[in-house]
Amino acid sequence: MADEDTTQAKDFQADVPAPNDPFFLKGSNNLDWGLKNRLANIFDPSSGRTVMLAFDHGYFLGPTSGLERVDLDIVPLTPYADTLMLTRGILRTVIPPTYTRGIVLRASGGPSILRELSDEQLAVSIEEAVRLNVAALAVQVFIGSEHETQSIHNMTRLVDLGNQYGIATLAVTAVGKEMARTPQYFRLATRMCAELGATYIKTYYVEDEFETVTAGCPVPIVIAGGKKIPELDALELAYKAVQEGAAGVDMGRNIFQADHPVAMIQAVRKVVHEDVKPAEAFELYQTLGREG
Ligand code: 5RP
């Protein structure tokens, strides 16, 4: 029976207003609860940033260097990542289902490295994404390429489907032969993706004016690591990117192709989440690497 004794004092703390805090991520305040909850499983709410570990390269490159055995090379890195970016094939076959952080699933594909890469189509259904309990779907967008409109259409379709189910869309701005790596290009590409609905965007760091890329984009930006460079340089890249407005990194080769991948991902975390200077993070990398 319900408690009907209204004479008994109850403490509703009526003078304390209910919290009405803004969501911690740029441009994400008006998203639905499920989407925000998934984003909080990609980005760390305490720093507002993320270290995404990207190892989806096999979807067009095959078993590239460092990814020959994902079970042996990558699984030991996963406890240090805020989220994993990968394909459904690797997710199902290699990643233990006990992994509880966000999964960012590669959702576009088609051409291999042997063909015209911009000719991608959507490669995963939304039902499959729900079944795999993913936090975001990643789609490549090839602004300025032969298949620009097709890739934009892939993204907008994914945004519509993702919004229906509360799954984020990560637009990945591709670079190719005909696409100049300039601030102007990245301002154009990232802004187009945001305007057309992407929840967050992955792009490349550019020297000079990168802060205009992040400032002009109303949703969070993460940067790709790109080709392997010396470890200290990769830490400097990550540092400059977050200091100039990026909400983290989506780094692959510069982690899994490092001499000491487990040490490298921990050093990257220091730079991204704690604003530790690259030289200090590099020392940590060397120490952890020696202890290896
Ligand atoms: C492939 C991707 C990769 O995930 C991306 O390039 C990140 O990896 P890396 O740091 O090695 O560049 O999106 O299209």
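Residues numbered from 1 in each chain as written. Predicted model: local features only at pLDDT ≥ 70, side-chain atom pairs only at ≥ 80, totals over all residues. Heavy atoms only, no water.

Describe the overall build of the protein chain, listing the residues and the values that go with them.
What the protein chain contains, in helices and strands, is twelve helices and ten strands. Whereas a compact globule of 292 residues would reach a radius of gyration of roughly 19 Å, the protein chain reaches 20 Å, a difference of no more than 12%. The buried share of the protein chain, reckoned over its 292 residues, is 49%. Nonlocal contacts in the protein chain, meaning residues at least 24 apart in sequence, comprise 66% of its contacts between residues at least 6 apart. A total accessible area of about 14,300 Å² is found for the protein chain, and carbon and sulfur atoms account for 50% of it. The centroid of the 26 positive side-chain charges in the protein chain is displaced by 5 Å from the centroid of its 38 negative side-chain charges. (Helix = DSSP H or I, 4+ residues; strand = E, 2+ residues; numbered from the N terminus. Rg over C-alpha atoms; globule rule 2.2 N^0.38 Å. Buried < 20%, exposed > 50% of the residue type's maximum accessible area, 1.4 Å probe, protein only. Contact = heavy atoms within 4.5 Å. Areas by Shrake-Rupley, 256 points an atom, 1.4 Å probe, with all protein chains shown as cover. Lys, Arg positive; Asp, Glu negative; His and termini not counted. Charge placed at Lys NZ, Arg CZ, Asp CG, Glu CD.)

Mind laying out the site of the ligand, listing which residues take part and the relevant values?
In the vicinity of the ligand there are 16 residues, among which Asp56, His57, Lys202, Gly252 and Arg253 approach most closely. Taking glycine 225, its main chain carries an N or O atom lying 3.0 Å from an oxygen atom of the ligand. Measuring from an oxygen atom of the ligand, one finds a backbone N or O atom of glycine 226 at 2.9 Å. Burial of the ligand by the protein amounts to 96% of the accessible area it has alone, namely 360 Å². Considering only residue class, the shell around the ligand consists of six nonpolar, five polar and five charged. (Near = heavy atom within 4 Å. Polar contact = N/O pair within 3.5 Å; in protein donor to acceptor, adjacent residues only side chain to side chain. Nonpolar A, V, L, I, M, F, W, Y, C, P; charged D, E, K, R; others polar.)

Explain helix H6 (residues 148-165) residue by residue, including any values.
Relative to the 26 Å expected for 18 residues at 1.5 Å per residue, H6 spans 26 Å between its end C-alpha atoms, a close match to the ideal helical length. Within H6, burial applies to Ser151, Ile152, Asn154, Met155, Leu158, Val159, Leu161 and Gly162. In this structure, the buried residues of H6 make contact with strand S5 (121-122), helix H5 (126-131), strand S6 (136-141), strand S7 (168-173) and helix H7 (183-195). Two residues or fewer after H6 comes glycine 166, characterised by a positive phi angle close to 75°. (Expected span 1.5 Å × (residues − 1).)

Account for the packing of aromatic side chains, naming residues and giving values.
Counting across every chain of the model gives seven aromatic pairs. Considering the side-chain rings of phenylalanine 43 and tyrosine 200, the 5.1 Å spacing of their centres and the 70° angle between planes classify their relative orientation as edge-to-face. On the criterion of sequence distance, the pair formed by phenylalanine 43 in the loop between helix H1 (33-39) and strand S1 (50-54) and tyrosine 200 in strand S8 (residues 200-203) is long-range, its members being 157 residues apart. The burial state of phenylalanine 43 is the same as that of tyrosine 200; both residues are buried. (Phe/Tyr/Trp six-rings, centres within 6.5 Å; stacked < 30°, edge-to-face > 60°.)

Describe in detail helix H12 (residues 278-291), supporting the description with residues and values.
With 14 residues, H12 extends 20 Å between its outermost C-alpha atoms, agreeing within 8% with the 20 Å of an ideal straight helix rising 1.5 Å per residue. For H12, every residue scored as buried is listed here: Pro278, Ala281, Tyr285 and Gly289. Buried residues of H12, viewed axially, fall in a sector of 80°; they line one side. Every exposed residue of H12 that faces more than 90 degrees away from the buried side is listed here: Ala279, Glu280, Glu283, Arg290 and Glu291. On its buried face, H12 sits against helix H9 (231-243) and helix H11 (261-274). (Arc of directions from axis to C-beta.)

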